[in-house]
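Now for the letters of each chain:
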Amino acid sequence: MRILILGHGAREHAIAKRLAQSDYQPEMYAFMGSVNPGLARLCRDFRLGSLSDVGEIVSYAREDRIDLVVPGQELPLIAGVVDALQLAGIPVIGPTRGLARLEGDKSYLRALMSRCAPNAMPRYRLCISETELLAAADELDAVAIKPLGLTGGKGVKVTERSLRDDDEALSYALEVIQHDGRILIEECLQGEEFSLMAFSDGARLVSMPLVQDFKLACKGDSGPMTGGMGAYSCADHLLPFVVETERVAAADVLWRIVAAAQEENGALYRGFIYGQFMLTADGPKVIEINARLGDPEAMNVMHLLNGDLVDISHQMLTRLEGTIPFSPIATVVKYLVPKGYPSSPEVDRRISVDETTIAERGGELFYASVRFDGQAVYTTGSRALAVLCTAATVADAAALVEGIVQDIEPEHLYHRSDIASASMLAEKVAHMERLRSS
Ligand code: AMP
Ligand code: GLY
């Protein structure tokens, strides 16, 4: 069996490791934008190209007589790779282009949700001019300013006060309107965020353990927005501030969205789906929907997955059977990023990675965006490496990761030392308690 994975990040490295461990002993192939040395090593062959070049991806899959394509990244999904592969008769997991609009077009998601899950979303306005922006500012207090399309997780700006009093935010919103013609202005939700990912066969969803992702660059959840600096999950597959009824409510909202999108598109959603939620005092609300696994969250859930991912992929294309087992342990993953990331990253710094020592200390290493010259790896403008550890508790797993990442190229790379620490988790629980009782 030959499996082709699309993408070159740590998420794709994690998915490919899982696929490669299958009892089917698949031969792995990859189509990447740049060489991920960890993923390349798992593969019999790989090709470099643009991840939105659907034609090139289909011809590579044809040439290599691929039996299953697994897109990890959103770009090919939004460009319509699933539709094109289906036409070519090549099995692929993932939503069609129309269904991938759930991620690729934030105004589509909000319009759909107004019909199928109106209580699980913030109030919002779609604005095309300064007049409309100011009208939205009068209606909503603090807001999230959101370009409609893909921004790699870095395009959203959240204000602490009204747009009328925030010149910087207002001019950012105007810039986006000038460029894209429209912008989404949403009520800023107060709460704690969590990621609920699931497998979908078009008839139902099977949920994965909940994960909390840390998007801001600096300690104490401050600094600029990034693609994600790390994530954790708990042994009971909930989060310290989420109870089971809230998880069930979020899963129900996710399914309502998938079902409504399927009906509108006349197509089944077969693949990974990822709901990013804000748990508010009024229950879980959708921040965004992604048509793929999260990054870094994929590393947490792929590590925990006990089933055979090739079997599960086939089931997503036919019918998901029963439940899918995940290990009852806690996971913590932290990214190592170039100093200065995301605004002015130090690029082309040589990084030495001692894979043996990381493994001996109980860490699982994932490569992300690095330049590999065949011998050494160098920083690019993006996240470089990730390390994951497991333990009975989140705090123990975090301490293990911290012990490892502190020693990896501290001159050129940094990480967030506070992610998943016991004090940070306690703060999150206290924050939710305050919101619930106010
Ligand atoms: P997104 O790219 O939609 O995931 O947004 C990036 C980040 O912006 C999210 O992880 C949230 O932290 C924040 N965000 C987006 N929308 C909202 C909202 N309506 N209220 C509060 N925070 C938001
Ligand atoms: N963890 C954020 C994302 O994958 O979009």
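Higher on the page you've got the structure.
Not measured: the values here are computed from a predicted model.

(A) Structural view of the environment of S22. Here S22 is to be found in the loop between α1 (10–20) and β2 (27–32). In the structure, S22 is positioned 288 residues away from V310 in sequence and 6.3 Å away in space, judged by C-alpha atoms. Setting aside residues no more than four positions away along its own chain, S22 makes contact with D308 and V310.

(B) Quick look at helix α10 (residues 244–265). With 22 residues, α10 should reach 32 Å at 1.5 Å per residue; the first-to-last C-alpha distance of 31 Å fits that figure. The set of residues buried in α10 consists of E246, R247, A250, A251, V253, L254, I257, V258, A260, A261 and Q262. Directly beyond the C-terminal end of α10, a positive phi value near 60° is found at G266.

(C) Molecular detail of the pattern of salt bridges. Enumeration over the complete set of coordinates arrives at 31 salt bridges. Measuring nitrogen to oxygen at the nearest pair gives 2.8 Å for the salt bridge that ties R47 to E63. Of the two residues, R47 is situated in strand β3 (residues 43–48) and E63 in helix α3 (residues 54–63); the sequence distance between them amounts to 16 residues. On the basis of relative accessibility, which here comes to 48%, the residue E63 falls in the partly exposed class. It is possible to trace a salt-bridge network through shared partners that takes in R11, E12, E74, E103 and R292.

(D) Focus on the sheet that holds strand β14 (residues 283–290). Spatially, the four strands line up as an open sheet ordered β10-β9-β13-β14, and their pairing is antiparallel. Since the sheet does not close on itself, it has two edges, and those belong to β10 (205–207) and β14, each with one partner. Looking at each pair of strands side by side, their axes are set apart by 35° on average, direction ignored. Inspection of the sheet shows strand β9 (residues 192–200) paired to strand β13 (residues 271–280) by nine bridges, in the antiparallel sense. Its bridge partner lying in β13, S200 is registered against G271.

Rules of the game
- Residues numbered from 1 in each chain as written.
- Chains lettered and ligands numbered in written order.
- Predicted model: local features only at pLDDT ≥ 70, side-chain atom pairs only at ≥ 80, totals over all residues.
- Heavy atoms only, no water.
- Helix = DSSP H or I, 4+ residues; strand = E, 2+ residues; numbered from the N terminus.
- Contact = heavy atoms within 4.5 Å.
- Expected span 1.5 Å × (residues − 1).
- Buried < 20%, exposed > 50% of the residue type's maximum accessible area, 1.4 Å probe, protein only.
- Salt bridge = Lys/Arg side-chain N within 4 Å of Asp/Glu carboxyl O.
- Pairing = 2+ DSSP bridges.
- Axes fitted to C-alpha atoms, helices over the stretch in contact; angles between N-to-C directions.

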